[in-house]
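Tertiary structure, described
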Amino acid sequence: MNAVVQTRPTLPVVAQKAAAAAPAEPTQYLTFQLAGEAFAIGILSIKEIIEYHALTEVPMMPACVRGVINLRGAVVPVMDLLARFGRPTSEVTKRTCIVIVEVQAEDERQVIGVVVDAVNEVIDIDAADIEPPPTFGANIRTDFIQGMGKVKGRFVILLDVRHVLSIDDIQTATAAGRELVPAH
């Protein structure tokens with residue numbers, strides 16, 4: 001006697017099929033201005049937005065690190081994204097603020113402040129409206145760019161915070177720059 005055993009797919013397989021059939025949820029991004037250009041960071045990386053106030057400068061820091069702030073008793077480094085991109089820094093205005101971002105760095109989370117000219121809004125961008133980073137050739141870094149979001153007929157540059165805010169990457173670049181400077 002041959003018994004027919006009927007098996008049902010396990011729950012993870014069913015969940016995978018349902019996820020594949022369902023359209024992707026739009027992802028939320030915080031949009032902000034830097035030198036007249038629109039940029040965005042995934043909202044899940046954003047901890048808070050605070051008013052720009054005096055920073056404490058720390059000697060021997062890379063040029064893109066403006067200083068540190070005291071955020072409820074914690075020392076938080078503050079990065080100037082324009083300087084990180086190799087551009088002149090913007091003038092501080094009443095709309096300038098610091099976006100506090102949490103980044104996963106190897107096995108720990110790091111909190112970093114980012115100076116922006118102005119925060120715009122939180123928007124939803126569908127995965128279908130995100131283009132891959134453009135290719136400019138070998139001499140231009142595109143690892144900072146997660147993608148190009150199409151919003152209202154314009155592009156918003158979606159930043160990859162793991163690369164843009166990588167302290168190890170900044171320290172390596174700074175050390176390389178010091179080696180290039182001749183000793184007096």
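The structure contained in this document is the topic of the report that follows. (Residues numbered from 1 in each chain as written. Predicted model: local features only at pLDDT ≥ 70, side-chain atom pairs only at ≥ 80, totals over all residues. Heavy atoms only, no water.)

With that out of the way, let us pick up the packing of aromatic side chains. What the rule picks out here adds up to three aromatic pairs. Taking the centre distance of 5.8 Å and the plane angle of 25 degrees together, the rings of F39 and F85 count as stacked. Here F39, found in strand β2 (residues 37–42), pairs with F85, found in the loop between α2 (81–84) and β6 (97–105); they are 46 residues apart in sequence, far enough to count as distant. Judged by relative accessible area, which is 3%, F39 ranks as buried. Here the aromatic rings of F85 and F144 are separated by 5.8 Å at their centres, their planes lie at 40 degrees, and the arrangement is tilted. Linking F85 in the loop between α2 and β6 with F144 in the loop between β9 (130–131) and β10 (145–151), this pair joins segments that are 59 residues apart in sequence. (Phe/Tyr/Trp six-rings, centres within 6.5 Å; stacked < 30°, edge-to-face > 60°. Helix = DSSP H or I, 4+ residues; strand = E, 2+ residues; numbered from the N terminus. Buried < 20%, exposed > 50% of the residue type's maximum accessible area, 1.4 Å probe, protein only.)

Taken in spatial order, the six strands make up an open sheet running β8-β1-β2-β11-β10-β9, and their pairing is mixed. Each of the sheet's edge strands pairs with one partner strand only, and the pair in question is β8 (118–125) and β9. Bridging between strand β1 (residues 27–34) and β2 involves six bridges; their strand directions are antiparallel. Residue pairing across strands places Y29 opposite G42, the latter belonging to β2. (Pairing = 2+ DSSP bridges.)

This paragraph deals with the pairing of strand β7 (residues 108–116). Of the strand pairs in this sheet, strand β5 (residues 74–80) and β7 are connected by three bridges, and their pairing is parallel. Across the sheet, D80 pairs through a bridge with V115, a residue of β7. The hairpin formed by β6 and β7 contains two residues between the paired strands, and E106 there has a positive phi angle of roughly 55 degrees.

If you look at the biggest cluster of nonpolar residues, it comprises 26 residues, and the most contacted ones within it are F32, I41, L81, V101, L159 and L165. Per element, the largest residue contribution to this core is four residues, and it comes from β6. Once you skip the residues sitting within four places of it in the chain, I41 turns out to touch Y29, L30, F32, I46, V101, L159 and V161. I69, L71, V78 and I100 belong to the second largest nonpolar core, which has 10 residues in total. (Core = buried A, V, L, I, M, F, W, Y, C linked by side-chain atoms within 4.5 Å. Contact = heavy atoms within 4.5 Å.)

Here the focus is the sheet that holds β5. Strand order in the open sheet formed by five strands is β3-β6-β7-β5-β4, with mixed pairing between adjacent strands. Each having just a single partner strand, β3 (46–51) and β4 (65–71) make up the two edges of the open sheet. Pairwise comparison of adjacent strand axes, ignoring direction, gives a mean angle of 35 degrees for this sheet. (Axes fitted to C-alpha atoms, helices over the stretch in contact; angles between N-to-C directions.)

A separate point is the pattern of salt bridges. With the rule as written, the count across this model stands at six salt bridges. The partner of R66 in a salt bridge is D80, and the shortest N-O contact between them spans 2.8 Å. Of this pair, R66 sits in strand β4 while D80 sits in strand β5; the two residues are 14 residues apart in sequence, bridging distant segments of the chain. The class of R66 is buried, set by a relative accessible area of 19%. (Salt bridge = Lys/Arg side-chain N within 4 Å of Asp/Glu carboxyl O.)

Before going further, it helps to examine unusual backbone geometry. Positive phi, normally seen in glycine, also occurs at M60, with a value near 65 degrees. With respect to the secondary-structure elements, M60 resides in the loop between β3 and β4. If you check the backbone angles, R72 has positive phi at about 50 degrees while not being a glycine. Its location among the elements puts R72 in the loop between β4 and β5. Relative accessible area serves as the criterion here: at 67%, R72 is assigned to the exposed category.

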